[in-house]
Amino acid sequence: VTIEQVLQLLTLLPFVAIFLVVVREAVWRPYRTHVLIALFFSALALAVGIGWVFALLEAEQPRVVQAVTRTLAVALPYLLLRLVAEFAAVPRLLMAAAGIGLVVGVGIVFLFPDLPPLATAFIVAYFAVLQLYSAARFVGAARSEPGVTRRRMQAAAAGSVLLGATILVAGVRITIHDDGMLGELLLRLTLLGSGLAYLAGFAPPPLLRRAWQQPELQAFLQRVTRLPWVGDIATVLRGLEAGAASAFGADRASIMLWDPETGILWVPGDGPDGRGTEARPGQYIAGRAFAEGRPIFTLNAAADDPEHADVYRAFGARAVMSAPIVAGGERLGVLSVYGPRPPVFAEDDLDLVQLLADQAAVTLEARRLLEEAADLRAREEATRLRDDFLSAAAHDIKTPLTSIMGFAQILEIKAEADPDEPVNVDLLRRISSEAQRLRQLVDRLLDAGRGEVGGLVGKHREDVDLADLAREVCGRYRRPLHPCVVQADGRIPAAVDRIRMAQLIENLIQNGQKYSPDGGEITVRLWSEPGADGGVARISVEDRGIGIPAQDLPHVFDRFRRAGNIDDRRFAGMGLGLYICRMIAEQHGGRIWVESQVGAGSTFHVAVPRNGPMTEEEATG
Amino acid sequence: MIAAPVNQLGSRIKAPILVVDDDENILDLVVMSLEITGYSTESARDGAEALEAVERGRPGLVLLDMRMPRLDGWGFARGLAERGIGDIPVVVMTAAHDARRWAEEIGADAYLEKPFDVHQLLDTVKRVLEERGG
C-alpha cells in the first residue's frame with residue numbers, strides 16, 4: 001500500500017460521510033435546501049469516488065467516464081450557487097451567467113476531451129470565480145447568524161475555497177502536463193481539506209455541534225439564572241423568551257404554559273385571569289409540538305397551518321420552531337422561536353430549541369418550588385396569626401368571665417350562710433357590668449367580621465359635634481395613670497355614624513392607655529380642615545407609650561396584626577381594635593394612619609369628610 | 001357584716017395574704033373570697049405596689065397576676081428574690097394559656113387559670129399553706 005493510496009482513501013472518506021448524512025437528511029426532510037445540498041454532495045462524492053476506483057485499479061479512465069466525471073465537477077459550482085441563493089440574494093444576471101457557463105463547460109468537456117489550455121483555463125476560471133463568490137456569500141451570511149449556523153457557514157466557505165483551489169491545481173497540472181508527486185500531493189491535500197471543511201459545515205459530528213452550541217447555551221443560562229427569583233410569571237416568561245430569541249438571533253420567541261386542569265395552553269396577557277392567547281394541544285405549531293412531545297419546525301408556518309395563517313403573518317413569522325417544555329416527565333408548556341426566513345441548518349436549530357426548552361423547564365420548575373415555599377410561609381404566618389388571635393381572644397374573654405362566676409358564687413355562699421341578709425347590690429352591679437364587658441368583646445369579634453364585608457358603618461348619618469363626642473368618650477377613660485385630655489377649637493361638626501365614631505375614638509384611647517404601661521397623658525386633638533365639599537374633620541390621639549417599630553407601621557391596621565415589640569406577656573389583645581378603627585374610618589370615606597417612634601409614643605390620625613362620604617355620582621361628577 | 005368563717009383554717013394564719021391584680025374586679029373578688037373564709041388580706045394593683053406591701057410586712061402567701069402595668073409578675077418575683085425573701089409561697093393567677101409554664105418560670109407553688117371559681121381558689125390557697133406551713 002503506497003502513501004498515495006492511503007491519501008486517496010483519506011480524501012474519499014469525508015465525502016462519503018457527508019454524502020450519507022445529507023442524502024439521509026434530504027429523504028427525511030425533503031426541503032429544497034436539503035435537496036440542493038444532497039445534489040451538490042452526490043455530484044462531488046461521485047466525481048471523487050470514480051477517480052478513486054480507477055486509481056485503485058491503476059487503470060486509465062475511459063473517455064466517457066472521464067467526461068462524466070468532469071461534467072459532475074463542472075456542475076459543482078453551479079449547484080453551490082443555487083444553494084447559496086437559498087439563504088442569500090444572488091443577482092439574476094449572475095445566476096444566468098452561471099447557467100450559460102455550465103452549458104459551455106459541459107460542451108467543452110465532451111468536445112475537447114484532451115482539454116487544450118484555453119478550454120482548461122475557461123473551466124478553471126469558471127470554477128474559481130463561482131466558488132470564491134459562494135465562499136464570500138457564506139462568510140457574509142455567517143456574520144448575521146448566531147452560533148452553530150455561523151460556524152457551519154464559515155466551514156462551508158473554507159470548503160468552497162479549498163475545492164476551488166483543488167480545481168485550480170488540477171487545471172494547472174493538465175496545462176503543464178505535470179505528473180509529479182508534489183503536484184499530486186498538493187491536489188490531494190486541497191481536496192482533503194475541502195472534504196473536512198465541508199464535513200464540518202454540512203455534516204458536523206455531534207461533539208462539534210455541542211461545542212459550537214456552547215456559547216449560545218452559556219449566554220442563555222446567564223440570562224435566565226436569576227429569573228426564578230424575579231417578579232411575576234409574566235416577567236419570568238418574558239426573560240426566557242428574550243433569552244431564546246437572542247440565542248437564535250430570531251425576532252421573537254414565545255412560551256405557552258400548560259394548564260392541566262382546563263387542558264389549555266396559554267400565554268400571560270390582558271384577558272380575564274391575566275391570560276392572553278390560548279390554544280388547545282394540536283392547535284398552532286406550538287400546540288403540535290406540545291401534543292407530539294417532540295420538537296418540530298416549519299419553514300412556512302402560514303402554509304403548514306393555514307387555519308392560523310393570519311396570526312403568523314401578523315407578527316411576521318415565517319419559520320417556526322417549537323419544542324415541548326418538560327420537567328420530570330411533567331409537561332409544563334412549549335417554547336417557540338419565530339424567524340422571518342427559514343433556518344439554513346434546521347436540525348441544529350431544532351436541537352438548540354429543545355436544549356433551551358429543557359433549560360426553561362428548569363427555570364419554571366425552580367420558580368414553582370420557590371412559589372410553593374412562599375405559599376407555605378404565608379400559610380404558616382396565617383396560622384400563627386390565627387393562633388395568637390385565638391389565645392388573645394380567650395384571654396380577653398376569660399377575665400370578665402372569672403369575675404362574673406366568682407361574684408355569683410360569693411353571692412351564693414353568702415346567701416347560704418345567712419339567707420336573711422339583703423343581697424349585696426354592689427356585687428350584682430359588678431356582675432352586670434362585667435357581663436357588659438363580655439358583650440363588648442363579642443361585639444368586637446362580630447364587628448371585625450362585619451368590617452370585612454363593609455357593613456360596619458350603617459347608612460345612617462347624623463350631625464355630630466366630634467369635639468363633644470370626644471369629651472364624652474374621654475370622660476369615661478380618665479385613669480390616675482393615664483389622664484385623658486381633649487383639645488379642640490370650638491365645634492367640629494360632621495355627618496357620621498355616631499356610635500361607630502365613638503367606638504373609633506374609644507378604641508384609640510384604650511389603645512393609647514394599653515401601650516403606655518408606665519403611664520402618660522392621652523391627648524385627643526380635633527380640628528377642621530377646609531377643602532372641597534365641606535372639608536375634612538381631623539382627629540388625632542397621642543400617647544407617650546412604647547411606640548411602634550417602623551417595619552410594623554404598615555401592618556398595625558391589619559386584622560390580627562400586632563406590632564413586633566408587643567410583649568405578649570405584658571399586653572393581651574386580639575389585634576382587632578385598630579383593624580376596626582380602620583374599617584370605621586374607611587367606611588366613612590376617610591382614612592387612618594399613624595406616626596410613631598419606639599420609646600417615645602404614637603400619634604394616630606383620622607381624617608373623615610365632614611359631609612359624609614361622597615356618593616358615586618359626586619365622585620365621578 | 002361578714003358571715004361566720006366557712007373555713008376555720010384561715011383564723012390560724014397570722015400573716016395576711018397579698019392579692020396582686022390590675023383588674024379591679026378580680027382583685028375585689030379574690031379579696032372577698034378570702035375574707036369570707038376568714039383570711040386577712042392585703043391588695044396591690046401591680047408588681048411595684050406589691051413589693052411596697054411586702055416591704056411593710058411579710059405576707060403568708062401571694063396570689064399573683066402576671067400581666068400588669070408598671071411591674072409585671074416576673075418583675076415582682078425578681079424583686080422578691082433580690083430582697084432575699086423568694087421563699088414566700090406564690091400562687092399565679094392568669095388567663096393566659098401558658099399559666100403552668102409561667103408559674104414554673106418564677107418558681108411559684110401553684111397556679112390558677114382564669115376563669116377559676118371561688119372553691120378552686122380557696123382549695124388551692126389551703127393546700128399551698130398546708131404544704132408550706134406544715
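Reading the values: the criteria
- Residues numbered from 1 in each chain as written.
- Chains lettered and ligands numbered in written order.
- Predicted model: local features only at pLDDT ≥ 70, side-chain atom pairs only at ≥ 80, totals over all residues.
- Heavy atoms only, no water.
- Helix = DSSP H or I, 4+ residues; strand = E, 2+ residues; numbered from the N terminus.
- Buried < 20%, exposed > 50% of the residue type's maximum accessible area, 1.4 Å probe, protein only.
- Contact = heavy atoms within 4.5 Å.
- Areas by Shrake-Rupley, 256 points an atom, 1.4 Å probe, with all protein chains shown as cover.
- Phe/Tyr/Trp six-rings, centres within 6.5 Å; stacked < 30°, edge-to-face > 60°.
- Buried area = accessible area lost by both parts, 1.4 Å probe.
- Salt bridge = Lys/Arg side-chain N within 4 Å of Asp/Glu carboxyl O.
- Polar contact = N/O pair within 3.5 Å; in protein donor to acceptor, adjacent residues only side chain to side chain.
- Nonpolar A, V, L, I, M, F, W, Y, C, P; charged D, E, K, R; others polar.
- Arc of directions from axis to C-beta.
- pLDDT = per-residue confidence, 0-100.
- Pairing = 2+ DSSP bridges.
- Axes fitted to C-alpha atoms, helices over the stretch in contact; angles between N-to-C directions.
- Disulfide = S-S within 2.5 Å.
- Expected span 1.5 Å × (residues − 1).
- Bend = angle between axes of the 7 residues up to and from the residue.
- Patch = residues over 30% accessible without salt bridge, like charges linked within 9 Å, V, L, I, M, F, W, Y side chains within 5 Å.

Asker: I would appreciate a short explanation of the overall build of chain B in the present structure.
Answerer: Looking only at helices and strands, one finds 6 helices and 5 strands in chain B. Across chain B, helices and strands are ordered from the amino to the carboxyl terminus as α-β-α-β-α-β-α-β-α-β-α. The buried share of chain B, taken over its 134 residues, is 54%. Of the contacts made within chain B by residues no fewer than 6 positions apart, 65% connect residues no fewer than 24 positions apart. When the accessible surface of chain B is summed, it comes to about 5,900 Å², and 46% of that surface belongs to carbon and sulfur atoms.

Asker: Looking at this structure, how should I read the overall build of chain A?
Answerer: Helix and strand counts for chain A stand at 18 helices and 13 strands. Restricting to contacts in chain A with at least 6 residues of sequence separation, those with at least 24 account for 67%. Accessible surface for chain A amounts to roughly 30,300 Å². Of this, 59% is attributable to carbon and sulfur atoms.

Asker: Would you mind going over the packing of aromatic side chains with me for this structure?
Answerer: All names here are of chain A. Under the criterion given, the structure shown has 12 aromatic pairs over all chains. Ring geometry for F40 versus F41: centroids 4.9 Å apart, planes at 90°, classification edge-to-face. Pair check on accessibility: F40 and F41 agree, each one buried. Measuring from ring centre to ring centre gives 6.4 Å for F138 and F202, while their planes differ by 75°; the resulting arrangement is edge-to-face. Highlighted residues: F138 in helix α5 (residues 117-144) and F202 in helix α7 (residues 181-202), separated in sequence by 64 residues. Like F138, the residue F202 is buried in the burial classification.

Asker: Looking at this model, I keep getting lost on the interface of chain A and chain B. Mind explaining?
Answerer: For an interface, size is often stated in terms of accessible area lost upon the parts coming together. Counting from both sides, the interface comprises 28 residues of chain A and, opposite them, 30 residues of chain B. Approximately 2,600 Å² of surface area, both sides summed, lies buried where chain A meets chain B, with 60% of it carried by carbon and sulfur atoms. Viewed at the interface, chain B and chain A are joined by 3 salt bridges. Two residues, A:K398 and B:E113, come together in a salt bridge whose shortest N-O distance is 3.7 Å. Remark: the boundary between chain A and chain B carries 8 residue pairs in polar contact (both at pLDDT 80 or more). Among the elements of the structure, α13 (346-417) and α14 (425-452) of chain A are those that each provide at least two residues to the side of chain A that touches chain B. Tallying contributions element by element places α13(A) first for the side of chain A that touches chain B, with 15 residues. Taken together, the residues of the side of chain A that touches chain B sort by class into 11 nonpolar, 7 polar and 10 charged.

Asker: I would appreciate a short explanation of the side chain of A:T603 in the present structure.
Answerer: Positionally, A:T603 belongs in strand β13 (residues 601-609). What A:T603 contacts, discounting residues up to four positions off in sequence, is A:S540, A:V541, A:E542, A:W593, A:V594 and A:E595.

Asker: What should I look at first to understand helix α3 (residues 47-56) of chain B in this one?
Answerer: An α-helix turns once every 3.6 residues. As a result, residues three or four positions apart point the same way. All names here are of chain B. Turning to α3, its buried residues are G47, A50, L51, A53 and V54. What you see down the axis of α3 is that its buried residues fit within an arc of 160°, all on one side. Residues of α3 that are exposed and point more than 90 degrees away from the buried face comprise E55 and R56. For α3, the elements touching its buried residues are β1 (17-20), β2 (41-44) and α4 (73-82). Where α3 begins, one side-chain oxygen reaches toward the backbone nitrogen of A48, 2.9 Å away; that side chain belongs to D46.

Asker: Could you clarify how one ought to interpret the confidence of the model for chain B in this entry?
Answerer: Interpretation of this model should avoid reading the predicted coordinates in detail wherever pLDDT is low. Averaged over all residues, the pLDDT of chain B equals 86, while 89% of them reach at least 70. Listed scores for the predicted complex are pTM 0.55 and ipTM 0.84.

Asker: Looking at this model, I keep getting lost on the sheet that holds strand β5 (residues 319-327) of chain A. Mind explaining?
Answerer: Two strands in a sheet stick together by hydrogen bonds in their backbones, pointing the same way (parallel) or opposite ways (antiparallel). Residues and elements named next belong to chain A. Taken in spatial order, the 6 strands line up as β3-β2-β1-β6-β5-β4 in an open sheet, and their pairing is antiparallel. Each edge of the open sheet is held by one strand with a lone partner, namely β3 (275-279) and β4 (296-298). Between one strand and the next, the sheet's axes are offset by a mean angle of 25°, whatever the strand orientation. One ladder, built from 9 bridges, connects β5 with strand β6 (residues 330-339); its direction is antiparallel.

Asker: How should the pairing of β6(A) be read in this particular structure?
Answerer: When you tally the buried positions in β6(A), you get 8 out of 10 residues, the bulk of the element. Following β5(A), the chain reverses through 2 residues before pairing antiparallel with β6(A); A:G328 in that reversal takes a positive phi of roughly 55°.

Asker: Quick question: what am I supposed to make of the state of the cysteines here?
Answerer: Residues and elements named next belong to chain A. Here the structure, examined in full by the defined rule, presents 1 disulfide over all chains. The disulfide partner of C474 is C484, and the S-S distance across this bridge is 1.8 Å. Because the torsion about its S-S bond is -105°, the bridge between C474 and C484 counts as left-handed. Pair noted here: C474 is in helix α15 (residues 466-476) and C484 is in strand β8 (residues 484-488), with a separation of 10 residues, a long-range link. Of the two residues, C474 and C484, neither departs from the other in class, the shared state being buried.

Asker: Even after reading the chapter, I still don't get the environment of A:G475, so can you show me in this structure?
Answerer: Residue and element names in this part refer to chain A. As for its position among the elements, G475 is in helix α15. Given a relative accessible area of 36%, G475 falls into the partly exposed group. Between the C-alpha atoms of G475 and V486, which are 11 residues apart in sequence, the distance is 9.5 Å.

Asker: Help me understand helix α8 (residues 206-224) of chain A in this model?
Answerer: Residues and elements named next belong to chain A. If you check α8, its first and last C-alpha atoms are 25 Å apart, about what 19 residues at 1.5 Å a residue would give, namely 27 Å. In α8, a bend of some 40° at Q214 exceeds every other bend along the element, and P215, a proline, comes one to four places later. The set of residues buried in α8 consists of R209, W212, Q213, E216, L217, F220 and V224.

Asker: Is there a simple way to think about a nonpolar patch on the surface in this case?
Answerer: On the surface, A:V6, A:L9, A:L10 and A:L13 cluster together into a nonpolar patch covering about 330 Å² of accessible area. Within the secondary structure, A:L13 sits in helix α1 (residues 3-28).

Asker: Looking at this model, I keep getting lost on the sheet that holds strand β5 (residues 110-113) of chain B. Mind explaining?
Answerer: Residue and element names in this part refer to chain B. Read from one edge to the other, the open sheet built from 5 strands follows the order β2-β1-β3-β4-β5, with strand pairing classed as parallel. Only two strands of the sheet have a single neighbouring strand rather than two, namely β2 and β5. Going across the sheet, the axis of each strand differs from the next one's by a mean of 20°, ignoring polarity. In the sheet, β1 pairs with strand β3 (residues 61-65) via 4 bridges, with the strands oriented parallel. Along β3, the bridge assignment pairs L18 with V62. α4 contacts β1, β3 and β4 (90-94) of the sheet and is inclined by roughly 150° relative to β3.

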